[in-house]
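Structural description and commentary
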Amino acid sequence: MSKFWSPLVNDLVPYVPGEQPKMANLVKLNTNENPFGPSPKVIEAIQAELNDNLRLYPDPEGEALRQTIADYHKVQPEQVFLGNGSDEVLAHIFYALFQHGEPILFPDVTYSFYPVYCGLYNIEGKPVPLTESFEINPEDYRQPNGGVIFPNPNAPTGRYLPLEQVEAVVQANPDRVVVVDEAYVDFGGESAITLVDKYPNLLVSQTLSKARSLAGLRVGLAIGHKDLIEALNRVKNSFNSYPLDRLALAGAKAAYEDEAWFRKCCDGVITERERVTEALEGLGFEVLPSKANFVFARHKEQSGEALAKGLREQGIIVRHFNKPRISDFLRITIGTSEQNDALIKGLQSL
Ligand SMILES: Cc1ncc(COP(=O)(O)O)c(C=O)c1O
C-alpha cells in the first residue's frame, strides 16, 4: 500500500496466474499449455515478419486476420473482435457488455479471472453453484442479472455443457449478454459460434493459447452480433488501438491456415487425456469427465495439497486450488506421453 495508490487499486485483488518456474527439466502440467508446439508454418510466418516493417505500427483493425477467422467460422469480419489474449477480450467484455448495476452470473467453480474483472470495474459478481457433480444447470441462470459468463468446457472442472443447454441459457436471458468462454472447446466440444446469427445476445470468446499452441503469442477473439463487436471496439479504441503486434497478427493467421496441424494436436491431446484418465482411475482417483486439455481429479484418500506437494518434490508441477469445494482436486494439464508417464509414475510413488 502506498499513499500514491488510488482507492480502487488499494482494494484490487489481482488474478494469480499459474506459476512459470524458471527451473529446467520440469514436467510442467500446471497452466494448460499445449505440449505439441505451434505449427511450423506459424514460425515461418512470424520469421517472415521480422524485418524493417517492425518500425511501423501494425494494422489496428487486424483486418487480414479477422477475415481469415471469419471465413474459418463462416461469419462476417464485422462479427470478429481481436485482443491480446482472450483475457484482454474478456476484460473488455466485462466493461462494455455487462450491465454494471446488476449482478453478473458465473459458476461458483470457474475461471478465477471473472471475479477479478468484477473487482476491477467495481461490478457485483454472483457465483451460481454448480451441481453436486460439478455441472452447470441452465435453470439456475433464470434469475435477474446484468450478464452471464461461463467457460465451456468449464475450467477448472473440464466439464462440458451440450450445445442445446448453452442455447437454453441464451434463450432464458434475451435482454442480457451471455458470454460463452470457449478457451478449451476444440478438445471435444461443439462451438456455440454456430448460434451467433440466431441470438444477438450471444458472444463467444476463444483463444489461440490452447488448441493452437500459441499461449506465448497472446491472441484471443470474440465472435457475435456486429453490435456487440462494435461495443468492444469502442472500449479497445479507448484503451489501446494496437493490442496485436505484427508478429502476432501474422502467426495467428498462419495458425488458422494449418488445419492439419491443429487437428493433429487436438487429437493427440484427446488420446492422451483418455489414457491419463484411465491411469488415474486405476490409482484410486475420481476424474471428472473432461472435454478440455486437462483433467480435474481427486484421490479417494489422499489430500490434493499433499499430492501436489509430493509431485513437486519430484519436479512435476500441477495446479492445486486451495478453495472451497475443490481443495482436494488437482488440475492436471495433459502433456506429451512422456510427461504423462512421468506424472503417473510420480503418483504411483506417493
Ligand atoms: C477459461 C479460460 N478463459 C480464458 C483464458 C485466457 O486465455 P488467454 O488469455 O491465454 O487467451 C484461460 C486461460 O487459462 C482460461 O482457462
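Position labels on residues start from 1 in each chain and follow its written sequence. Confidence filtering applies because this is a predicted model: local features only for residues at pLDDT of at least 70, side-chain atom pairs given and counted only at 80 or more, and all residues used for totals across whole chains, interfaces and linings. Side-chain measures here rest on the full set of heavy atoms in the structure, leaving out hydrogens and waters.

1. Examining the domain arrangement of the protein chain
Buried accessible area, meaning the area lost when the parts come together, often serves as the stated size of an interface. To keep things clear, this is the line we draw: Delimitation of the domains relies on an automatic or database domain assignment. Here, two residues are considered to be in contact whenever any of their heavy atoms come within 4.5 Å of each other. What counts as buried area is the accessible surface, traced by a 1.4 Å probe, that two parts surrender upon association, with contributions from both included.
In terms of domain boundaries, the protein chain breaks down into domain 1 (7-37 + 260-348) and domain 2 (40-258). Each of domain 1 and domain 2 has a C-alpha centre, and these two points are 23 Å apart. Listed per partner, the contact involves 34 residues of domain 1 and 34 residues of domain 2. Together domain 1 and domain 2 conceal approximately 2800 Å² of surface at their shared face, both sides included; 63% is due to carbon and sulfur atoms.

2. With respect to the site of the ligand
How we decide: Put simply, a residue is near a molecule or strand once any heavy atom of it comes within 4 Å of that molecule or strand. Polar contact criterion, stated in full: a pair of N or O atoms within 3.5 Å, where within protein one must be able to donate a hydrogen and the other to accept it, and residues adjacent in sequence count only if both atoms are side-chain atoms. Using a 1.4 Å probe, the Shrake-Rupley method yields the accessible areas, and only the shown protein chains count as cover for residues. Note on conventions: DSSP H or I runs of at least 4 residues are helices, E runs of at least 2 residues are strands, and numbering of each starts at the N terminus. When residues are sorted by character, Ala, Val, Leu, Ile, Met, Phe, Trp, Tyr, Cys and Pro go into the nonpolar class, Asp, Glu, Lys and Arg into the charged class, and all the rest, Gly among them, into the polar class.
The environment of the ligand is made up of 13 residues, and the closest members are Ser 86, Asp 181, Tyr 184, Thr 207 and Ser 209. Contact distances for the ligand include 2.6 Å between an oxygen atom and a side-chain N or O atom of Ser 209. Taken by itself the ligand offers 400 Å² of open surface, and the protein chains cover 92% of this. Tallying contributions element by element places helix α4 (residues 85-97) first for the shell around the ligand, with four residues. Partitioning the shell around the ligand into residue classes produces five nonpolar, four polar and four charged.

3. Some points on the sheet that holds strand β10 (residues 294-299)
Through backbone hydrogen bonds, the strands of a sheet pair up, either in parallel or in antiparallel fashion. The line we're drawing: Strands are labelled as partners when DSSP assigns at least two bridges between them. Axis angles are defined between N-to-C directions and span 0 to 180 degrees, where every axis is a line fitted to C-alpha atoms and, for a helix, only to the segment in contact.
Pairing within the open sheet is antiparallel, and its three strands lie in the order β9-β10-β12. This sheet does not close on itself; its edge strands, each paired only once, are β9 (285-287) and β12 (329-333). Neighbour to neighbour, the strand axes of the sheet diverge by 35° on average, direction disregarded. Taken together, the five bridges between β10 and β12 define a ladder with antiparallel strand orientation. Residue pairing for β12: Val 295 is matched across the bridge by Ile 332. Of the strands in this sheet, β9, β10 and β12 are in contact with helix α10 (residues 304-313), which crosses β12 at around 40°.

4. Digging into the packing of helix α2 (residues 40-48) against helix α8 (residues 246-257)
Worth spelling out the cut-off: Throughout this description, any angle smaller than 35 degrees is read as roughly parallel, any larger than 145 degrees as roughly antiparallel, any in the 65 to 115 degree range as roughly perpendicular, and the remainder as oblique. In this scheme the handedness of a crossing depends on how the near helix is turned from the far one: anticlockwise by less than a right angle means left-handed, clockwise means right-handed.
At a minimum axis separation of 8 Å, α2 and α8 run at an interaxial angle of 150°. Taken as axis vectors, α2 and α8 run roughly antiparallel relative to one another. Our pair here, α2 against α8, has a crossing hand that is right-handed. Across the interface between the two elements, Lys 41, Val 42, Ala 45 and Ile 46 from α2 touch Leu 247, Ala 250, Gly 251, Ala 254 and Ala 255 from α8. Here the residues of the contact of α2 with α8 sort into seven nonpolar, one polar and one charged.

5. Structural notes on the side chain of Thr 277
The test is simple: Accessibility here uses a 1.4 Å probe with only protein chains present; expressed as a share of the type maximum, an area under 20% marks a residue as buried, one over 50% as exposed, and anything in between as partly exposed.
When you line up the elements, Thr 277 lands in helix α9 (residues 259-282). The buried category is assigned to Thr 277, whose relative accessible area is 15%. In this structure the side chain of Thr 277 is engaged in a polar contact, spanning 2.7 Å, whose partner is the backbone oxygen of Arg 273. The contacts of Thr 277, once residues within four sequence positions are left out, are Val 287 and Val 295.

6. Some words on a nonpolar patch on the surface
What counts here: Note that patches include only residues with greater than 30% relative accessible area and no salt bridge, and the join distances are 9 Å for like charges and 5 Å for nonpolar side chains (Val, Leu, Ile, Met, Phe, Trp, Tyr). Salt bridge, as applied in this entry: a Lys or Arg side-chain nitrogen positioned within 4 Å of an Asp or Glu carboxyl oxygen.
On the surface, Met 1, Phe 4, Trp 5, Leu 8, Val 9, Leu 12 and Leu 120 cluster together into a nonpolar patch covering about 760 Å² of accessible area. Within the fold, Trp 5 resides in the segment before α1 (7-11).

7. Let's talk about the pairing of β10
In regular strands, side chains alternate between the two faces of the sheet. Counted residue by residue, β10 has five buried out of six residues, so it is predominantly covered. Relative to β10, β9 is paired through three bridges, and the arrangement is antiparallel. From the neighbouring strand, Val 287 faces β10, where its bridge partner is Ala 297. If you look at the hairpin formed by β9 and β10, you'll find six residues sitting between the two strands.

8. Here's the deal with the sheet that holds strand β8 (residues 220-224)
The seven strands are arranged β2-β8-β7-β6-β5-β3-β4 in an open sheet whose pairing can be described as mixed. Every other strand in the sheet has two partners, leaving β2 (80-83) and β4 (125-128) as the edge strands with one partner each. The sheet shows a mean angle of 20° between the axes of neighbouring strands, direction not considered. Note: strand β3 (residues 104-107) against β4, four bridges, orientation parallel.

9. Points about α8
Cut-off, in case you're wondering: Between the first and last residue of a helix there are one fewer steps than residues, each counted as 1.5 Å, and that sum is the expected span.
Helix length check: α8, at 12 residues, gives a terminal C-alpha distance of 17 Å against a target of 16 Å (1.5 Å per residue), a fit within 8%. Among the 12 residues in α8, nine count as buried, and that is most of the element. All of the buried residues along α8 are Arg 246, Ala 248, Leu 249, Ala 250, Gly 251, Ala 252, Ala 254, Ala 255 and Tyr 256. Considering only its buried residues, α8 is in contact with α2, α3 (63-73), β2, β8 and α9. Regarding α8, its N-cap is Asp 245, as a side-chain oxygen of that residue lies 2.9 Å from the backbone nitrogen of Leu 247 further along.

10. A few points about the packing of α9 against helix α11 (residues 337-348)
Contact pair α9 / α11: the axes reach a minimum separation of 11 Å and the direction vectors enclose 10°. Of the possible angle classes, the one that applies to α9 and α11 is roughly parallel. On α11, the residues that touch Glu 272, Arg 275, Val 276, Ala 279 and Leu 280 of α9 are Ser 337, Asn 340, Asp 341, Leu 343, Ile 344 and Leu 347. Tallied by class, residues from the contact of α9 with α11 come to six nonpolar, two polar and three charged.

11. Examining the UniProt feature "modified residue: N6-(pyridoxal phosphate)lysine" (unreviewed entry) in the protein chain
Under the convention used in this document: UniProt positions are given in the numbering used here, feature names are shortened, and annotations may be inferred rather than shown by experiment.
In the numbering used here, UniProt assigns the "modified residue: N6-(pyridoxal phosphate)lysine" (unreviewed entry) feature to Lys 210. Here Lys 210 is in contact with Thr 31, Asn 32, Asn 34, Ala 183, Tyr 184, Phe 187 and Asn 293, once residues within four sequence places are set aside.

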